Amino acid sequence: MTKRTVFLIFLLVALVAILSFIAVLQSVEQTRRAQETSNQTAVTPTIDPSLVPDTTLTASPAAALVKMGAAQTIDILIDTGNNNLLTTQLGVGFDPEFFEVQNVTPGPFFQNPTVLLNNVDVKTGRISYALGTLTPQKGQGVLTTITMLAKKPTGSTGKTSDLTLLPKTQVLGSSNQNLNSLVRTMAGSQFVITNSNE
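Because the structure is a prediction, the values reported are computed rather than measured. (Residues numbered from 1 in each chain as written. Predicted model: local features only at pLDDT ≥ 70, side-chain atom pairs only at ≥ 80, totals over all residues. Heavy atoms only, no water.)

S.K.: Any chance you could explain the overall build of the chain here in plain terms?
M.R.: Helix and strand counts for the chain come out as one helix and twelve strands. Sequence separation of at least 24 residues holds for 77% of the intrachain contacts in the chain that already meet a minimum separation of 6. (Helix = DSSP H or I, 4+ residues; strand = E, 2+ residues; numbered from the N terminus. Contact = heavy atoms within 4.5 Å.)

Printed below as a string of structure tokens:
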């Protein structure tokens, strides 16, 4: 082989190496650009805050001393947080040995509500009460008022008679197509019933 042939082979190998290096660099650069583009166009999902459970239901008073034979009024207070509500269904438990439900009425929270369900089961001690409206409501107020008659003393041992908001309690909003309840927290009441002559 002549020096010229060796030189041409060397030049050809160098040229192939340079072209291969340039091709690899371009491939790496295209991959980097594609990743940057996909990172820039990635959509971050946003959650509508009105669909996140944010409603609090609280029985008021939280605790009370009641005389036997006296009526006790319990307000179910609502704070919707970020939720816009159309419908509520309350499941309320009470002890029928100690209390008799006299009345369940809508509070002023909903404007012009329709009572969809009003059922009191005196044997099991369950109230099922549902309200609805056509105009979504947001804010705080009295959702429902329950009036109960204290039937007999709870005893001198400090025993209480509880009013509980049951897990079947639901609140639904205006954008709630999946029908998941928007209740975040619930709190009931405790009562001590004393003799009327105490």
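S.K.: Mind showing me how you'd approach the sheet that holds strand β8 (residues 140–150) here?
M.R.: Judged by pairing direction, the sheet is mixed, and its five strands sit side by side in the order β5-β8-β3-β1-β11 without closing on themselves. Of all the strands in the sheet, just β5 (99–106) and β11 (183–187) have a single pairing partner and so form its edges. Each strand axis lies, on average, 20 degrees off the axis of its neighbour in the sheet, ignoring direction. Taken together, the four bridges between strand β1 (residues 55–60) and β11 define a ladder with parallel strand orientation. Within β11, the position partnered with threonine 56 by the bridge is threonine 185. (Pairing = 2+ DSSP bridges. Axes fitted to C-alpha atoms, helices over the stretch in contact; angles between N-to-C directions.)

S.K.: Any chance you could explain the nonpolar core here in plain terms?
M.R.: Grouped burial of nonpolar side chains is what soluble globular proteins tend to show. Core analysis: the biggest nonpolar cluster contains 30 residues, and Leu57, Ile76, Phe99, Ile127, Leu143, Met148 and Leu163 have the highest contact counts within it. Elements that contribute at least two residues to this core include exactly β1, β3 (71–79), β4 (85–93), β5, β7 (126–137), β8, β9 (161–165) and β12 (189–194). No other element matches the four residues that β8 contributes to this core. Among all residues touching isoleucine 127, those that are not within four sequence positions of it are Leu90, Gly91, Val92, Phe94, Val101, Val104, Asn119, Val120 and Ile146. (Core = buried A, V, L, I, M, F, W, Y, C linked by side-chain atoms within 4.5 Å. Buried < 20%, exposed > 50% of the residue type's maximum accessible area, 1.4 Å probe, protein only.)

S.K.: What am I meant to see in the side chain of asparagine 83 here?
M.R.: Structurally, the position occupied by asparagine 83 is in the loop between β3 and β4. Since its relative accessible area comes to 0%, asparagine 83 is described here as buried. Polar contacts involving the side chain of asparagine 83 include one to the main-chain amide nitrogen of aspartate 54, which spans 2.9 Å. (Polar contact = N/O pair within 3.5 Å; in protein donor to acceptor, adjacent residues only side chain to side chain.)

S.K.: I tried to follow the environment of valine 115 on my own but got confused; where do I start?
M.R.: Structurally, valine 115 is set in strand β6 (residues 114–121). Its relative accessible area of 40% is what places valine 115 among the partly exposed residues. Taking the C-alpha atoms as reference points, valine 115 and threonine 133, separated by 18 residues in sequence, lie 9.1 Å from one another.

S.K.: Where do I start with the packing of aromatic side chains in this structure?
M.R.: The geometry of an aromatic ring pair comes down to the distance between the two centres and the angle between the two planes. For the structure shown, the criterion picks out two aromatic pairs. Ring geometry for phenylalanine 99 and phenylalanine 191: centres 5.4 Å apart, planes at 70 degrees, overall edge-to-face. Here phenylalanine 99 is found in strand β5, whereas its partner phenylalanine 191 is found in strand β12, with 92 residues between them in sequence. The burial state of phenylalanine 99 is the same as that of phenylalanine 191; both residues are buried. (Phe/Tyr/Trp six-rings, centres within 6.5 Å; stacked < 30°, edge-to-face > 60°.)

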